[in-house]
Amino acid sequence: MTDLTQPGEFTLEYATAPESTAIVSLRDTYGLFIGGAWVEPRSGSYFPTINPATEEHLATVAEGGAEDIDLAVVAARQAWESGWRDLSGRQRAKYLYRIARLLQERSREFAVLETLDGGKPIKESRDVDLPLAAAHFFHYAGWADKLDYAFAGRRAAPLGVAGQIIPWNFPMLMASWKLAPALATGNTVVLKPAETTPLTALLLAEVLQDAELPPGVVNIVTGAGATGAALVSHPGIDKVAFTGSTGVGKRIQAELAGTGKRLTLELGGKAANIVFEDAALDQAVEGIVNGIWFNQGHVCCAGSRLLVQESVHDLVLDRLTTRLDTLRVGDPLDKNTDIGAINSREQLEKIQELVASGVDEGAEIYQPDCVLPAKGFFHAPTVFTSVSPSHRIAREEIFGPVLSVLTFRTPDEAVEKANNTPYGLSAGVWTEKGSRILWMAERLRAGVVWANTFNQFDPASPFGGYRESGFGREGGRHGLAPYLNLVGA
Ligand code: NAP
Ligand code: MG
């Protein structure tokens, strides 16, 4: 008789549960959203965006050049000077609330489009990205008329025009993290989405029109790295908010030195997820899974290094690999899918190269026996054991579904190993002792420390890193300051 208590003896096969794409209506070609209207790019250039799960062409999108960036910055400046900067906080809040409600109303459409363009599982875009995106607009709508109370004794004044550049891993959520605080504080914006995921930002432009946001308050210029570079170097912007890789972030910081432009950077990470022997291990295993396989590991704060106490190493690995065998890899539009497509061929090749380096350097690889779709960009969830801190897979950001496991014996050793990275974005601690959580949190050099959970986000909670993970905070009251001049004692 089959022993149902034994893993591997009994596997449930789910029927497919595809989400319909009928709710999304794509245009063949998208222009730029400048001054509240759709315009053809002066550059004359366009580029395709594809579905990374099928490699199918989705739409053709304008590639903004320096002249287009200039038009967008001029439109943002005009909108700021001709009214937005003088609008009362209450009136600004009205627009933010409208945007938040429209996002909620159209959230299924946005979620499907996000999954089509970026490859993330529909259950994530539906249950995480979109609810959080709307929540950010609601949260900052609430701050718009309370800025004088947020910074006691100081008068808050907007900066002017913000240039905002976002990556492809959470396109709508990153757009919301950027736009909501900038608008709440009375700034206008030029937003540059990532080359591989422009479509939800372009759908957001429709929402902004429906919300009757004054023309030019938000301008959306699609394009690649050169478009972002033209935005950063434009003399007409007062602030740059960038989320992306540490390499590009460093270049932007060097370029802006001495210009007087304000800057916030949200960059890469190599987070440690630290499991002590007294932790609730089943809960910890779920946290490890959520920490690294959520969104294919395309998460800057992913728990990509598991530090497990030596005494429970074998037990945790056994439960983790058993759990890994149940993860479903495949069609991101299937509601049962846990791990969707890698965002681009380029990113897949980067992950494959780092995984090969792990094998070459002597780490032991484990991958479940899963069949990857023949088309599209997919990578099996991967665990490396026997990893030493000097291995590339322990040091470099992989930004894919790959976990490197290291061990420790004492809390001091855990702290030392966790901090042995140039990054400092996030960390996780699993233990039943509250005092140990506080002891660890004081010593871990990370912007966010999760305790007995991982990858939890809330608009009221500030997020950001230090060292090579960047500086400045997004979210909560802290997220207002980077968009304000604070005057007075
Ligand atoms: P990336 O190359 O730095 O791209 C990020 C954004 O910057 C994209 O819109 C990109 O355009 C644009 N860009 C590229 N070169 C530029 C330049 N010279 N000047 C101005 N803008 C430029 O990063 P990625 O590899 O696409 O994204 C993954 C990285 O983002 C990871 O390292 C991850 O850790 C980091 N990330 C950090 C956070 C955080 O909150 N800390 C959140 C998400 C992601 P194209 O898309 O056209 O290249
Ligand atoms: Mg795409």
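**Regarding the overall build of the protein chain**
Thought 1: Secondary structure assignment for the protein chain yields 15 helices and 20 strands.
Thought 2: Scaling as 2.2 N^0.38, a compact globule of 489 residues should have a C-alpha radius of gyration of about 23 Å, and the protein chain matches this with 23 Å.
Thought 3: Principal axes of the C-alpha set define a box for the protein chain whose edges measure 75 × 55 × 35 Å.
Thought 4: Taking all 489 residues of the protein chain together, 57% fall into the buried category.
Thought 5: If the 44 positive side-chain charges of the protein chain are averaged to one point and the 58 negative ones to another, these points end up 8 Å apart.

**What about the coordination of the magnesium ion (ligand 2)?**
Thought 1: Binding of the magnesium ion (ligand 2) to the protein goes through Thr-49 (OG1), Ile-50 (O), Asp-117 (O), Asp-117 (OD) and Thr-196 (O), at separations of 2.3 to 2.8 Å.
Thought 2: Between consecutive donor residues of the magnesium ion (ligand 2), the sequence gaps follow T-I-x66-D-x78-T.
Thought 3: By relative accessible area, Ile-50 is classed as partly exposed at 31%.

**A short note on the packing of aromatic side chains**
Thought 1: Under the counting rule described, the total for this entry stands at 11 aromatic pairs.
Thought 2: Where Phe-276 meets Phe-408, the ring centres are 5.1 Å apart and the plane angle is 75°; that geometry is what we call edge-to-face. Pair noted here: Phe-276 is in the loop between strand E12 (272–275) and helix H10 (281–293) and Phe-408 is in strand E16 (residues 402–408), with a separation of 132 residues, a long-range link. Considered together, Phe-276 and Phe-408 belong to a single accessibility category, that of buried residues.
Thought 3: Grouped by ring-pair contacts, the aromatic residues Trp-177, Trp-450, Phe-454, Phe-457 and Phe-463 constitute a single cluster.
Thought 4: Sitting over the face of the ring of Tyr-14, Arg-328 holds its NZ or CZ atom 3.7 Å from the ring centroid.
Thought 5: The ring of Phe-276 has Arg-436 lying over it, and the distance from NZ or CZ to the ring centre is 4.6 Å.

**Re the pattern of salt bridges**
When their charged atoms lie close together, side chains carrying opposite charge are able to pair.
Thought 1: Taken as a whole and assessed by the stated rule, the structure comprises 23 salt bridges.
Thought 2: A salt bridge links Arg-106 to Glu-109, with the nearest nitrogen and oxygen atoms 3.0 Å apart.
Thought 3: What makes Arg-106 buried here is its relative accessible area of 16%.
Thought 4: With a relative accessible area of 13%, Glu-109 lands in the buried category.

**Regarding the site of ligand 1**
Thought 1: Neighbouring ligand 1 are 28 residues, the closest being Ile-166, Trp-168, Ser-245, Leu-267 and Glu-397.
Thought 2: In this structure, an oxygen atom belonging to ligand 1 sits 2.7 Å away from a main-chain N or O atom of Ile-166.
Thought 3: Note that a nitrogen atom of ligand 1 is positioned 2.6 Å from one of the backbone N or O atoms of Leu-267.
Thought 4: Coverage of ligand 1 by the protein amounts to 88% of the 890 Å² it exposes when considered alone.
Thought 5: Those elements giving two or more residues to the shell around ligand 1 turn out to be helix H8 (225–233), strand E10 (239–243) and helix H9 (246–256).
Thought 6: The biggest single contributor to the shell around ligand 1 is H8, with three residues.
Thought 7: The class makeup of the residues in the shell around ligand 1 is 15 nonpolar, eight polar and five charged.
Thought 8: Residues from two domains meet in the shell around ligand 1; each of domain 1 (29–266 + 468–487) and domain 2 (272–456) gives at least three.

**Some remarks on the domain arrangement of the protein chain**
Thought 1: Looking at the assigned domains, one finds that the protein chain contains domain 1 (29–266 + 468–487) and domain 2 (272–456).
Thought 2: The centre of domain 1, based on its C-alpha atoms, is set 30 Å off from the matching centre of domain 2.
Thought 3: Facing 26 residues of domain 1, the contacting portion of domain 2 comprises 31 residues.
Thought 4: Interface area for domain 1 against domain 2, summed over the two sides, is near 2300 Å², with a carbon-plus-sulfur share of 57%.
Thought 5: Taken as a group, Glu-55, Trp-168 and Ser-469 account for 23% of the area that domain 1 buries against domain 2, more than any other trio of residues on that side.
Thought 6: Summed over the shared surface of domain 1 and domain 2, the result is two salt bridges.

**Topic: the environment of Leu-96**
Thought 1: Within the secondary structure layout, Leu-96 lies in helix H2 (residues 89–105).
Thought 2: For Leu-96, a relative accessible area of 1% puts it in the buried group.
Thought 3: Distance from Leu-96 to Gly-142, taken between C-alpha atoms, is 8.8 Å for residues 46 residues apart in sequence.
Thought 4: For Leu-96, the residues in contact, after removing those within four places along its chain, are Phe-137, Tyr-140, Ala-141, Ala-180, Leu-183 and Ala-184.

**Digging into the nonpolar core**
Thought 1: Grouped together as the largest cluster of nonpolar side chains are 105 residues, with contacts concentrated most on Leu-204, Val-218, Val-275, Trp-293 and Leu-306.
Thought 2: For this core, the element with the most residues is helix H6 (residues 171–184), which contributes 10 residues.
Thought 3: No fewer than three residues from each of domain 1 (29–266 + 468–487) and domain 2 (272–456) sit in this core.
Thought 4: Once residues within four sequence positions are removed from consideration, Leu-306 is found in contact with Asn-273, Val-275, Ile-288, Val-316, Leu-320, Leu-403, Ser-404, Val-405 and Leu-406.

**Considering the sheet that holds strand E1 (residues 29–30)**
Thought 1: Read across the open sheet, the three strands follow the order E1-E5-E4; overall the sheet is mixed. The open sheet terminates on both sides in strands that have one partner only, identified here as E1 and strand E4 (46–51).
Thought 2: By the bridge criterion, six bridges tie E4 to strand E5 (residues 56–62) in an arrangement that is antiparallel. If you follow Phe-47 over to E5, its bridge partner there is Val-61.
Thought 3: Running over the sheet, helix H3 (residues 107–118) touches E4 and E5 and is turned about 105° from E4.

**Structural notes on unusual backbone geometry**
Thought 1: Of note in the backbone geometry, Ser-386 takes a positive phi value of approximately 55° without being a glycine.
Thought 2: Tracing the backbone shows Ser-386 in the loop between strand E15 (382–385) and helix H13 (392–395).
Thought 3: Taking the relative accessible area as the measure of exposure, Ser-386 reaches 47% and is therefore partly exposed.
Thought 4: The residue Phe-399 is not glycine, and still its phi comes out positive at about 55°.
Thought 5: Secondary-structure assignment places Phe-399 in the loop between H13 and E16.

Parameters and conventions
Residues numbered from 1 in each chain as written. Chains lettered and ligands numbered in written order. Predicted model: local features only at pLDDT ≥ 70, side-chain atom pairs only at ≥ 80, totals over all residues. Heavy atoms only, no water. Helix = DSSP H or I, 4+ residues; strand = E, 2+ residues; numbered from the N terminus. Rg over C-alpha atoms; globule rule 2.2 N^0.38 Å. Buried < 20%, exposed > 50% of the residue type's maximum accessible area, 1.4 Å probe, protein only. Lys, Arg positive; Asp, Glu negative; His and termini not counted. Charge placed at Lys NZ, Arg CZ, Asp CG, Glu CD. Donors = N, O, S within 2.8 Å, 3.2 Å for Na, K, Ca; no water. Phe/Tyr/Trp six-rings, centres within 6.5 Å; stacked < 30°, edge-to-face > 60°. Lys NZ or Arg CZ within 6 Å of the ring centre and 35° of its normal. Salt bridge = Lys/Arg side-chain N within 4 Å of Asp/Glu carboxyl O. Near = heavy atom within 4 Å. Polar contact = N/O pair within 3.5 Å; in protein donor to acceptor, adjacent residues only side chain to side chain. Areas by Shrake-Rupley, 256 points an atom, 1.4 Å probe, with all protein chains shown as cover. Nonpolar A, V, L, I, M, F, W, Y, C, P; charged D, E, K, R; others polar. Domains from an automatic or database assignment. Contact = heavy atoms within 4.5 Å. Buried area = accessible area lost by both parts, 1.4 Å probe. Core = buried A, V, L, I, M, F, W, Y, C linked by side-chain atoms within 4.5 Å. Pairing = 2+ DSSP bridges. Axes fitted to C-alpha atoms, helices over the stretch in contact; angles between N-to-C directions.

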